[in-house]
Amino acid sequence: MKTSSAATTPPTLAERYRAVRQASMALAAPLSAEDAMVQSMPDASPAKWHLAHTTWFFEQFVLGLQSGGRALHPQWQALFNSYYQSIGQAHARAQRGLLSRPSLAQVLEYRAQVDNCIGQRLQADDLDAQAREHLLLGLQHEQQHQELLLTDIKHALWSNPLQPAYRDDLPMPAPTAAGGSAVWIESPERIVEIGAPAWPAHVRFAYDNESPRHRVLVPAHALADRPVSNAEYRAFIDDGGYRDPLLWMSDGWAQLQAGQWRRPLYWDEALEREYTLGGWRALDPDAPVCHLGWFEADAFARWAGARLPTEFEWESAAAARPVAGNLADAGLLHPASAAAVEPGVPRQLFGDVWEWTASAYGAYPGFRPLPGSAGEYNGKFMCGQFVLRGGSCATPAGHVRASYRNFFPPSARWQFAGLRLARDS
């Protein structure tokens, strides 16, 4: 039997570019122009800004504005720069919601113009090696912003007194019969290979913060076979977890007091419902708890008599597992309960919720940022943040991998973040 070429031929760079750009437009489609310019807190950005900034990135790094090209809209350059200080000024992050102009229609036209330019360059095979590398980086960058678009609009709509749904047609995750206590999976002390070879020297894409690949001694330990569930976190709350300062880091306790934290970000006061991208829904007790900051994850682990895993423990468990799970392409856009698997096999390593680790975000031995302005992408944020692993229900499939290092400050709660427990053996 013949196999179709579509099933065996990998997509071309042009096809990948179109697919990623169209995915962003599909995510923004349920939003009105008013929705698209809302910024509900300084850490979030309006959907319109995400659509414009990702386009700015391609214009800057692929179409060659740094080497003498002319911008389509020179007056927009500072508006949609994020943090590339070596390129020029950037509009203040906390004031992105003030950008009623350019309009959403103008931003969409800007996207179309840049897409047309890049399409023509790809068709003519008129991109040099560095431009192609920047194009690949830009695709990964846009996928990151697709997840941020979802987390940011979720916070914005929840902050609206009407608390409308982002989409009314999102399916409910199906409950499973695999409840009960998590199972500990033991791992002996061993030396493991961590990280990815430096890109673009190898074939597969990896961010600069994932390299160089190096050896790490991982002590004997055990990992829970699944993330912490809503029911388990509810027990922490009922036991006074948010009232006991002995469970919290000093900075975390100060954040709790200042923000009046009493439960995960989107839970109601009765601890029975949570706000989702599909509106208010009953809590699934077996689904992973999400929208926790590192401080909350760390406090829960201490209450449970365990700890957070290091990023090396997590990666050593995930390296041999397939990258599959409840990612954005599954269409749920919300964590689901874990299905049963064979004993000793970890569940939900990829998708559902990002998993906080005990590891501060820092450089691997021998780390080298990407050359030029692209080197500002990751390295300069290696201060005051913690590493998360595994992706979430809002992460595009094909974007995450075992070596992927996400990072946020410990107080960040609006991402789809939860935790998996670890303990010493």
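Anything mentioned here points back to the structure above.
Now for a look at the structure at hand. (Residues numbered from 1 in each chain as written. Predicted model: local features only at pLDDT ≥ 70, side-chain atom pairs only at ≥ 80, totals over all residues. Heavy atoms only, no water.)

## Side note on the overall build of the protein chain
Thought 1: The secondary structure content of the protein chain amounts to 11 helices and 11 strands.
Thought 2: With the principal axes as the frame, the protein chain shows a C-alpha extent of 60 × 55 × 50 Å.
Thought 3: Counting over 425 residues, the protein chain shows a buried share of 54%.
Thought 4: Contacts in the protein chain between residues far apart in sequence, at least 24 positions, make up 80% of those at least 6 positions apart.
Thought 5: Put simply, the protein chain shows about 18,700 Å² of open surface, and 54% of that area lies on carbon and sulfur atoms.
Thought 6: With 37 positive and 44 negative side-chain charges, the protein chain shows a separation of 3 Å between the mean positions of the two kinds. (Helix = DSSP H or I, 4+ residues; strand = E, 2+ residues; numbered from the N terminus. Buried < 20%, exposed > 50% of the residue type's maximum accessible area, 1.4 Å probe, protein only. Contact = heavy atoms within 4.5 Å. Areas by Shrake-Rupley, 256 points an atom, 1.4 Å probe, with all protein chains shown as cover. Lys, Arg positive; Asp, Glu negative; His and termini not counted. Charge placed at Lys NZ, Arg CZ, Asp CG, Glu CD.)

## What about empty space enclosed by the protein?
Thought 1: All told, the structure shown has four cavities of 30 Å³ or more when counted by the stated rule.
Thought 2: In this structure, the second largest cavity spans a volume of roughly 40 Å³.
Thought 3: Residues of the lining of the second largest cavity, tallied by class, amount to five nonpolar, one polar and two charged. (1 Å grid on protein atoms, 1.4 Å probe; cavity = no way out; pocket = protein on both sides within 12 Å on 5 of 7 lines; lining within 4 Å. Points joined across faces, edges and corners; volume = space filled by probe spheres on them. Nonpolar A, V, L, I, M, F, W, Y, C, P; charged D, E, K, R; others polar.)

## Section: the sheet that holds strand β9 (residues 406-408)
Thought 1: Strand order in the open sheet formed by four strands is β9-β8-β7-β10, and the pairing between neighbours is mixed. One side of each edge strand has no neighbouring strand; the edge strands of this open sheet are β9 and β10 (417-418).
Thought 2: Across two bridges, strand β7 (residues 354-360) lies against β10 in parallel orientation. Counted as the bridge partner of E355 is G418 from β10. (Pairing = 2+ DSSP bridges.)

## Observations concerning the pattern of salt bridges
Thought 1: Throughout the structure, instances matching the rule amount to 22 salt bridges.
Thought 2: The partner of R401 in a salt bridge is E210, and the shortest N-O contact between them spans 2.7 Å. Here E210 lies in the loop between β2 (190-194) and β3 (214-218) and R401 lies in the loop between β8 (386-389) and β9, a separation of 191 residues in the sequence. (Salt bridge = Lys/Arg side-chain N within 4 Å of Asp/Glu carboxyl O.)

## Thoughts on the packing of helix α4 (residues 47-61) against helix α6 (residues 104-123)
Thought 1: Packing of α4 against α6 leaves a shortest axis separation of 10 Å and a crossing angle of 25°. By the angle between their directions, the pair α4 and α6 is classed as roughly parallel. Seen along the crossing, α4 lies across α6 with a hand that is left-handed. Across from K48, L51, A52, T54, T55, W56, F58 and E59 in α4, the residues of α6 making contact are L104, V107, L108, Y110, R111, V114 and I118. (Axes fitted to C-alpha atoms, helices over the stretch in contact; angles between N-to-C directions. Parallel < 35°, antiparallel > 145°, perpendicular 65-115°, else oblique. Left-handed = near helix turned anticlockwise from the far one by under 90°.)

## Overview of the sheet that holds strand β11 (residues 422-424)
Two orientations exist for strands paired in a sheet by backbone hydrogen bonds: parallel and antiparallel.
Thought 1: With antiparallel pairing, three strands are arranged side by side in an open sheet as β1-β4-β11. In this open sheet, the two edge strands, each paired with only one partner strand, are β1 (184-187) and β11. In this sheet, adjacent strand axes meet at a mean angle of 25° when their direction is disregarded.
Thought 2: Examined bridge by bridge, β1 and strand β4 (residues 221-224) share four bridges and lie antiparallel to one another. Residue pairing across strands places W184 opposite A224, the latter belonging to β4.

Functional significance is not addressed by these values, which are geometric in nature.
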